[in-house]
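Chain and residue survey
Below, each chain spelled out in residue letters.
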Amino acid sequence: MTDYETVIGLEIHVQLNTNSKIFCSCKADSWGDPPNTNICPVCSGQPGVLPVLNQVVIEKGATLAAALNAEIQPVSYFDRKNYFYPDLPKGYQITQYDLALGMGGYLDLPLEDGSTRRVGIEKLHIEEDAGKTIHKPGRRLLDFNRCGVPLVEMVTSPDLRSADEAADFIRYLRKLVRWIGVSDADMEKGKMRFDANVSIREKGSKVLNPKTEIKNMNSIEHGREAMKAEIKRQIKEVEAGGVIESWTLDWDEENKTLSKMRSKETELITAILKSRTCWPSVLMKGKSRRLLKACRSFLTSAKSVL
Ligand SMILES: [Zn+2]
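A few points on the structure. This structure is a prediction, so every number in the text was calculated from the model and none was measured.

Along the backbone of the chain there are 5 helices and 17 strands. The buried share of the chain, reckoned over its 306 residues, is 35%. Relative to all contacts within the chain whose residues are 6 or more apart in sequence, the contacts with residues 24 or more apart total 71%.

Further remarks concern the packing of helix α2 (residues 163-179) against helix α3 (residues 220-239). Where α2 contacts α3, the two axes come as close as 9 Å, and the packing angle between them is 155 degrees. Judged by the inter-axis angle, α2 sits roughly antiparallel to α3. Crossing geometry of α2 relative to α3 is assigned as right-handed. On α3, the residues touching Ala163, Asp164, Ala166, Ala167, Ile170 and Arg171 of α2 are Ile220, Gly223, Arg224, Met227, Lys228 and Ile231. Classifying every residue of the contact of α2 with α3 gives 7 nonpolar, 1 polar and 4 charged.

What follows covers the environment of Cys147. Residue position: Cys147 is located in the loop between β10 (139-143) and β11 (150-156). When the 30 C-beta atoms within 10 Å are taken as the criterion, Cys147 is described as buried. Distance in space between the C-alpha atoms of Cys147 and Lys90 is 9.4 Å, their sequence separation being 57 residues. Setting aside residues up to four positions removed in sequence, Cys147 forms contacts with Ile39, Cys43, Ser44, Pro89, Asp129, Ala130 and Gly131.

A separate point is the nonpolar core. Counting residues in hydrophobic clusters, the biggest one holds 64 residues, and the most contacted among them are Ala65, Leu124, Ala166 and Ala196. In terms of residue count, the dominant contributor to this core is α2 (8 residues). Once you skip the residues sitting within four places of it in the chain, Ala65 turns out to touch Ala70, Ile72, Leu101, Gly102, Gly105 and Leu124.

What follows covers the pairing of β10. Two strands pair when backbone bridges link them, and strand β9 (residues 132-136) and β10 are joined in this way by 5 bridges, in the antiparallel orientation. Each bridged residue has a counterpart across the sheet, and for His135 the counterpart in β10 is Arg140. The hairpin turn running from β9 into β10, its antiparallel successor, is 2 residues long, and Gly138 in that turn takes a positive phi close to 80 degrees.

We now examine helix α1 (residues 55-67). Look at α1: 19 Å from first C-alpha to last across 13 residues, which is about the 18 Å you get at 1.5 Å a residue. By the criterion of burial, α1 is predominantly enclosed, with 10 of the 13 residues buried. If you check which residues of α1 are buried, you get Val57, Ile58, Lys60, Gly61, Ala62, Thr63, Leu64, Ala65, Ala66 and Ala67.

Now for unusual backbone geometry. One non-glycine residue, Asn36, lies in the positive phi region at around 60 degrees. Within the secondary structure, Asn36 is located in the loop between β1 (4-15) and α1. Of the residues examined, Asn36 has 15 C-beta atoms within 10 Å and is grouped as partly exposed. In this structure, Ala185 takes a positive phi of about 55 degrees despite not being glycine. Tracing the sequence through the fold places Ala185 in the loop between α2 and β12 (192-202).

Another aspect to go through is the environment of Ile22. Within the secondary structure layout, Ile22 lies in the loop between β1 and α1. Assessed through the 29 C-beta atoms surrounding it within 10 Å, Ile22 is described here as buried.

By the element assignment, Leu124 lies in strand β8 (residues 116-128). Separated by 62 residues in sequence, Leu124 and Ala62 place their C-alpha atoms 9.4 Å apart. Discounting residues that sit within four places of it in the chain, Leu124 has contacts with Ala65, Leu68, Ala70, Ala100, Leu101, Gly102, Gly105, Val152 and Met154.

What counts and what doesn't
- Residues numbered from 1 in each chain as written.
- Predicted model: local features only at pLDDT ≥ 70, side-chain atom pairs only at ≥ 80, totals over all residues.
- Helix = DSSP H or I, 4+ residues; strand = E, 2+ residues; numbered from the N terminus.
- Buried ≥ 20, exposed ≤ 12 C-beta atoms within 10 Å, placed from the backbone.
- Contact = placed C-beta atoms within 7 Å.
- Axes fitted to C-alpha atoms, helices over the stretch in contact; angles between N-to-C directions.
- Parallel < 35°, antiparallel > 145°, perpendicular 65-115°, else oblique.
- Left-handed = near helix turned anticlockwise from the far one by under 90°.
- Nonpolar A, V, L, I, M, F, W, Y, C, P; charged D, E, K, R; others polar.
- Core = buried A, V, L, I, M, F, W, Y, C linked by C-beta atoms within 7 Å.
- Pairing = 2+ DSSP bridges.
- Expected span 1.5 Å × (residues − 1).

Encoded structure:
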């Protein structure tokens, strides 16, 4: 029987624990508040408003970038990602596209046998969250409280080799962001969530095969189960002579099953508009150096804690 190797890359969203949102003074943490009570003309995208960048978002994002050994860009820009979805009242999301806050980087994940797995970070950028759609029988309810909440999105290289390793990586990263004080990372409150790109290949091969993407996981244990189920499904498919198609999948936690997401949920028409309507975030050199120094001393002292 062929021996297979699993290849997993993760896309992780972390909510930064700032007092206010990224471009307005609305309260950032709306957990437990009634729907649509922390919104204003800026975060709901009314015509004529001017977003003002919250500097603490950049400082916390840069702290995380430094802790992940990324190269902090002294100047990064925000762009508009245009798409239409009911919980995005503006019709676009302000995000960083090509000039992101952190480029490159890695996190060394300790493994059970005492060695470490170096997991590359391909990109780390800042963006605003969208609102929330609540599905009720026969109708959809919208809560815009999360619109404009600051997020860091990071994309790892496909360096993880099992569902257990990927789950351990999320757990390790959660400890790190809490330790450096940039996020509460409460997954049950949506403050940390991840997508997993999963593929398999014959052991020893260097080829990257078509991958599937499991979306919107907000529990480490459920994520581990979902990835294990998908690896098992892919091996069964390949053993039966089939091919893996690049599906986007949703994990049903109750029934422990994966299902293909409907195309209208995955094929949003997006266009990146380089409007540069927001100011670039400029990190002063001195401040950048202080952040790096603080993070290096953290990494030295934290090895025994993490
Ligand atoms: Zn607001």
